[in-house]
Each structure stands twice: as C-alpha cells, then as structure tokens.
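Commentary on secondary and tertiary structure
Below are the chains, spelled out letter by letter.
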Amino acid sequence: MTSSSRSSSPSSSRSPSPSASPARSPLSRRGLLAAAGAAGAAGLLGAGPAAAAATSGGRGSAALVIHNARVFTGTGGGGAPVEAVAVGRDGKVLATGSGSAVRRHVGRDTEVVDARGNTVMSGIHDGHVHPLGAGDRSLRPSLEGAETTLPELRELLTGFLTDTGGAGAEPDRWLVVEDWNPVGLLPTGSVPHHSMLDALETRRPVALVGGDGHNLWVNRRALEIAGITAATPDPVGGRIVKGADGQPTGVLKDDAQDLVQRHVPEPSRAELVAACAKVLGLAAASGVTTMMDALVGRHELELYQALAAAGRLPQRIVPAIRLDAEQTKDPAGALAYARGLRTEFEGVRGLRFGTVKVFLDGVIEYPAQTAALLEPYLDGNGKPTANRGELYTSAADYGRLTVAFNRAGWQLHAHGLGDRAVRTALDGYAYARRVTGLRDPRNTIAHLQLVDPADLRRFAQLGVAACMQLQWAAQDTWTMDALLPYIGPGRHRWMYPARSLERAGARLTGGSDWPVDALQVWNQLRTAVDRQGAFGSGELYREQEGLSRTSALRMHTAGTAWQLKQEGLTGTVEPGKAADLVLLDRDVTRCPVADISGTGVRMTLVGGRVVHDADSQAGRAAATALTRAAGAARPASYTAVHGGRHHACGH
C-alpha cells in the first residue's frame, strides 16, 4: 500500500473515510499495520474475548472497511448481496452487508478500500501443500520437466555444472538438479542409466530428482558414495532398479531415494529460512492464508520455528507429521513420536498440531506405476500385466493406526492415488469408526486420482474428507499418454471424480501439492470447473466431473477449513470469524471461467493483518514473480501436472 494510493483525491482507489475531516488522510501503511497487526497476531493465535476487548479501538470502529465489493461469503445462504466487509481491531470480521450498513463502522482512523466491484472472499485454504519443500527446491537448478534427447540433456547438465562451481567444485560437490522428467528422455521409451550421466566431463556426484518425486537418477559416483551395489537390498517402500546383469542402473524409486539423498549436503539454515520466507510470500500473494504442510518432521518444524521467530511466517500452518511404513506397524510408538514433536514445537506462533500423514501408495503414470490398483495395469496394448502397484501399508495396520490416533484426538491424512489405496484408507477408517465409536474425526484421503465407483458413497458415510488437487484434472501428457493406455478407458473415466464424490455427499477439500504442482491457485480453481485449465490440451470429463463455480470456491475455503478442524475460525466471511480475507482484481463469481486463471490478488489478510499488499514494493515483486512463472513456456509434457507430482511428498 503506497502513500500515493491513499490520497483524498476522488480518483484514488483507496479513499479516506466519508465521515473523516477533509484535512485528515487515511491511515498510512504503517498505521494500518499498527492498528491491525497486533490484533491480527492475537487472532492468529486464537485470542479470546478478553484479548479482543483489550485491542479494541473504540466501540464499533473498524480498522479496515472494504466496500463496493462482491463478497463471496461462502456460507451458502441467500438474501441480499453482500457489498462490504468491516474488519475489527481484534482481527475478526466485525460486520458484513450493504455498503450503507457497514459504513456505520467507519471511524476517523478507519482504512477504507474500494474493491471496484471485485471479489472479496475468504483466503484460500490449501489442504495439501509442501511450502518448505518449495523453498528448498528453489535453491537448486531445475530441468523444468523438459523432454530432451540425451545430447540435449547432457548440454543442460554441463551448463549446470559450470553454474554451480565449475572446476572449483571438482570432485566432491554434489550437482542436484530438480524437475527431471522420468518419462521425458527422447526418443520415447529411452531408459535412464547411470552410464549416460557418467559420460559428463565431471567426477562430481550427480543426482536428477524426478519431478514426480518417486524417481531419482544418479551417476556411478553417487552410487559409490551411497554404497549401492548389486547386493544392496530394496528398502521398505522403495526399489533399487537393476538391469539384466543384476547391477544397479542408477534409478532409485520411492523410499530407495533416501539411500543417496542422505549423503547430499543440506543448505545452511540461513539459506533455507530466506528461501522459505520468499516462497511463503508468494503464497500470500496468491491469496493463501492457511496451509496444511503434508510432510513434516523435526527438520521442517525447526524451519517453521526459525521463520516464526523472524516474523516471516504469514500463514496459519497445520503441520502433518509424516509416519513412515515401519511406524504404521507400531501405533503406540507412532503416537508417542507425534506427541513428542507436538510438545516440543506447539509453542511456535502460527502452528496448530493434530494431523499425521501416511503414504499408502506411489504414482500411477507410466513408467513408475507404483500407485496401488484393484485391477492390474495394462501393457499399453490392452493386455493385463501382473502389476497392481505397491501398497505400503495394509488396511489392518492402517486401521489400528487410525484407532490409536483418533482416540487421542488426531487426524489421519492418507496419500491415496490408486483405487486400491483409496479403498485401503476407507477400510482403515471404517475399522476405526467401529472400534472407537467416533463419528467426526475428520480423517482425509488426498489426491484421489482414481476412485472405484463402489467407494464413492463411503466418504460421506465415514465422514472422510476428499482432498483433491484438481489442477491435474486436464487432458495432457500425464493423464493421456502416460496413463490411458495403461489403465484403459473404463477406469480412466473415473479420474479425479470430483462431481461424483460431491453428488455422493462427500466433503470436497482443495490442495495444490505445491511445489509438486505449480503455485497457480486460481488456475487450480478454474480447472476444477472446466477440467482443462490454462494448459490442458482438452477437457478431462468435464460433463461428468466438472464442479460448479460455487463448489470450487467453497472446497478451497470452507471445505478445507472443515478438513483442518478450523471451520469455527476461518473459511467463510461472517461476523466473528477471523479476518482471513483476500481482495481480488476481478469478480471471480461472474467473470468468464477461463478468466479465473489470471486472477490477481490485491490484498491478503490473516487475522486482520495485511500479509500481502499488491501496491507495496514487496507485493509488486511477488506479483511479478507469479506472473513470470505463470507465463513461462511449458515443456511438451507439462511438469505442473503429475510430471511435477509428489517430489515434495517424500517419494
């Protein structure tokens, strides 16, 4: 918010209070933060009525009023259109209604913002995201998911070697490259082997991290450092790919990646904190006010602690503590582990514990095909294979784990892509419901790329949140070329069955899976509606599975707030709720659906505190970065759909 935008000129988009003296200008940016910042921080922590009263600046006087708006309240109620919102000095929504009704809350020092007829709504709640992974990932070079021939790939890697130290980095500095496309080596069908990387003019260990997060390709030097030989057994939940000669090829899948990654030096804490703060700013500029970090351990919690201490944590964060496959077999031990981390870090401002994450399977696309299916994958020519994917945890183990955590007041969040993994999660949740008698634990299944029709109604019956990443629901290389021939049209029809789940009574919730997918919040919402988005080559079952605009908006606000058990605090715009709001540059409730993708965020508030202002220097920089990323050329196989999936998921 620059001072030039606050003049009392009639042309100003942010005008002073109509009741203010002509000589009095509205609050400066500093003044607004002073008025709303402390109260916003209190709201972020869920301060009670006493704290709210202590921060009140006068009876009925708002810190901020946004008028001339089209307010999407998300409440589903009818009645007259809501045109204005008043934000109280306690960081909560003070009033909503017509412009004239809300005007009575404007005082002499109230900030008044003209929405210009555009949308004000709840901030976006991202129910499955990896923001710290995005920060970490930003520190390394990226192949951007490109399809390349081997000579082209070597040329790119040679450039990265030069950019990351050149001769001075020989022979021991690791070259780690993000966003390698596991199916992008041309000609199609080419199989990665460490010998291809060994031909680079370097002695350095080289690792290409698959954009899908389920594949890692390394050279011989990296294999040697990790001690991986023909005799090395596959770890639980992973596979060391070996050739016909029994020797490792250099490709590691799923949890086998850690055999190499544990040897890669970590960036410094200062570097990570700075990088993570920057990407959290991008999320705020995208309108994201709450995030469930879907892969958290001690390392991530220490980063959040450092970010909060530095005042650089703008969102509410629900950390989902990851449990590995072995921990799922020991419910008591797993619960003690999660409780220990909560006890140690629950005092960190902005964090709220109560969720654990479990991987049930991998990814479905060729060539990985590690997602667990009820029926086998096809060979590409319509014939069944012997492969039904990989199920990392049994329904019995998952059920016992769910019982232990639900009884203790925790939620389960399952990665379930294939229909067998989805059924396994539902079976585990059903068992827990029978044993505990609990009716509202808010357990979740994320991704839901393929759901058997017989399981659709079970979500509502069991009260399970269906957390979907619908920017993937478009025709592209990943949903068509790398999938349709390998599961057939009958199953393919049930890809990301959002409307079918909604019709069956399921609670839909939204997530981006960033940086597994690109941070393009508004294209994500658009794709939920038209099943094509800005980058798809065609619609993916729009008639059967496309959502209404209202449903798409609600699943990414109120729906996800429900998933995260904070629907009493956020997710809708109504008096008494925390002022977690976004002001947009268009009316997303009425503009053409295709125009939703290009939505810009003028202002983002969390607990009444401004965490993004498009008129500020930082806001302009963030908006420019988002625009540049959205306009970047896409590779032939679009990395922001499952070519870029699950990197940060830890697989």
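Treat the numbers as computed from the prediction; the structure is a model and nothing was measured.

Details of the overall build of the protein
Secondary structure summary: the protein contains 21 helices and 24 strands in total. Looking at the protein residue by residue over its 651 residues, the buried ones come to 59%. Long-range pairs, those at least 24 residues apart, make up 75% of the contacts in the protein between residues at least 6 apart in sequence. Working note: accessible area of the protein is about 23800 Å², and carbon and sulfur atoms make up 51% of it.

A closer look at helix α5 (residues 150–163)
With 14 residues, α5 should reach 20 Å at 1.5 Å per residue; the first-to-last C-alpha distance of 20 Å fits that figure. Among the residues of α5, those classed as buried are Leu 150, Leu 153, Leu 157, Phe 160 and Leu 161. Projected down its long axis, α5 shows its buried positions confined to an angular sector of 100°, all on one face. Exposed positions of α5 whose direction lies more than 90 degrees from the buried face are Pro 151, Glu 155, Thr 162 and Asp 163. Those residues of α5 that are buried lie in contact with β8 (148–149), β9 (175–180), β10 (185–186), α6 (194–198), β11 (206–210) and β12 (215–218). Note on α5: the residue one or two positions beyond its end, Gly 165, has a positive phi of about 125°.

Describing the pairing of strand β15 (residues 288–296)
Judged by how many residues are buried, β15 sits mostly within the fold: 9 of 9 residues are covered. The pairing of strand β7 (residues 124–129) with β15 spans 4 bridges and is parallel. Looking across to β15, one finds that His 125 is bridged to Thr 290. Examined bridge by bridge, β15 and strand β16 (residues 316–323) share 5 bridges and lie parallel to one another.

Some points on the nonpolar core
In this structure, Phe 405 and Phe 459 are the most contacted members of the largest nonpolar core, which totals 101 residues. Counting residues per element, this core draws most heavily on helix α9 (residues 269–285), at 9 residues. If we ignore the near neighbours within four places in the chain, the residues touching Phe 405 are Leu 323, Pro 331, Ala 334, Leu 335, Ala 338, Val 356, Trp 410 and Leu 412.

A look at the environment of Ser 138
Looking at where Ser 138 falls in the secondary structure, it is placed in the loop between α4 (131–137) and β8. Given the relative accessible area of 46%, Ser 138 is considered partly exposed. Sequence-wise, Ser 138 and Val 279 are 141 residues apart; in three dimensions their C-alpha atoms are separated by 8.6 Å.

Re the packing of helix α11 (residues 331–345) against helix α12 (residues 395–407)
It is at 9 Å that the axes of α11 and α12 come closest, and there the two elements cross at 40°. Here α11 is positioned oblique relative to α12, judged by the angle of their axes. As for how α11 packs across α12, the hand of that crossing is right-handed. Here Pro 331, Ala 334, Leu 335 and Ala 338 of α11 come into contact with α12, specifically with Arg 400, Leu 401, Ala 404 and Phe 405. Split by residue class, the contact of α11 with α12 holds 7 nonpolar, no polar and 1 charged.

Focus on the sheet that holds strand β21 (residues 507–510)
Overall, parallel pairing links the 8 strands, which are arranged β7-β15-β16-β17-β18-β19-β20-β21 in an open sheet. Among the strands making up the open sheet, the edge pair consists of β7 and β21. Averaged over all adjacent pairs, the angle separating strand axes in this sheet is 25°, with direction ignored. Set on the sheet, helix α10 (residues 298–309) makes contact with β15 and β16; between it and β15 the angle comes to about 150°.

Observations concerning the pattern of salt bridges
As enumerated under the stated definition, the model contains 26 salt bridges in all. Close ionic contact of Asp 397 with Lys 329 constitutes a salt bridge, the shortest N to O distance being 3.4 Å. Note that Asp 397 is positioned in helix α12 and Lys 329 in the loop between β16 and α11, a separation of 68 residues in sequence. Arg 423 is the salt-bridge partner of Asp 452, the closest N and O atoms lying 3.5 Å from each other. One end of the pair, Asp 452, is in the loop between β19 (444–447) and α14 (456–462); the other, Arg 423, is in helix α13 (residues 419–436), and 29 residues separate them in sequence. The partly exposed category is assigned to Asp 452, whose relative accessible area is 24%. Take Arg 423: its relative accessible area is 26%, and that puts it in the partly exposed class. One continuous salt-bridge network, built from bridges that share partners, spans Asp 136, Arg 137, Arg 140, Glu 178 and Asp 179.

Quick notes on the rules
- Residues numbered from 1 in each chain as written.
- Predicted model: local features only at pLDDT ≥ 70, side-chain atom pairs only at ≥ 80, totals over all residues.
- Heavy atoms only, no water.
- Helix = DSSP H or I, 4+ residues; strand = E, 2+ residues; numbered from the N terminus.
- Buried < 20%, exposed > 50% of the residue type's maximum accessible area, 1.4 Å probe, protein only.
- Contact = heavy atoms within 4.5 Å.
- Areas by Shrake-Rupley, 256 points an atom, 1.4 Å probe, with all protein chains shown as cover.
- Expected span 1.5 Å × (residues − 1).
- Arc of directions from axis to C-beta.
- Pairing = 2+ DSSP bridges.
- Core = buried A, V, L, I, M, F, W, Y, C linked by side-chain atoms within 4.5 Å.
- Axes fitted to C-alpha atoms, helices over the stretch in contact; angles between N-to-C directions.
- Parallel < 35°, antiparallel > 145°, perpendicular 65-115°, else oblique.
- Left-handed = near helix turned anticlockwise from the far one by under 90°.
- Nonpolar A, V, L, I, M, F, W, Y, C, P; charged D, E, K, R; others polar.
- Salt bridge = Lys/Arg side-chain N within 4 Å of Asp/Glu carboxyl O.

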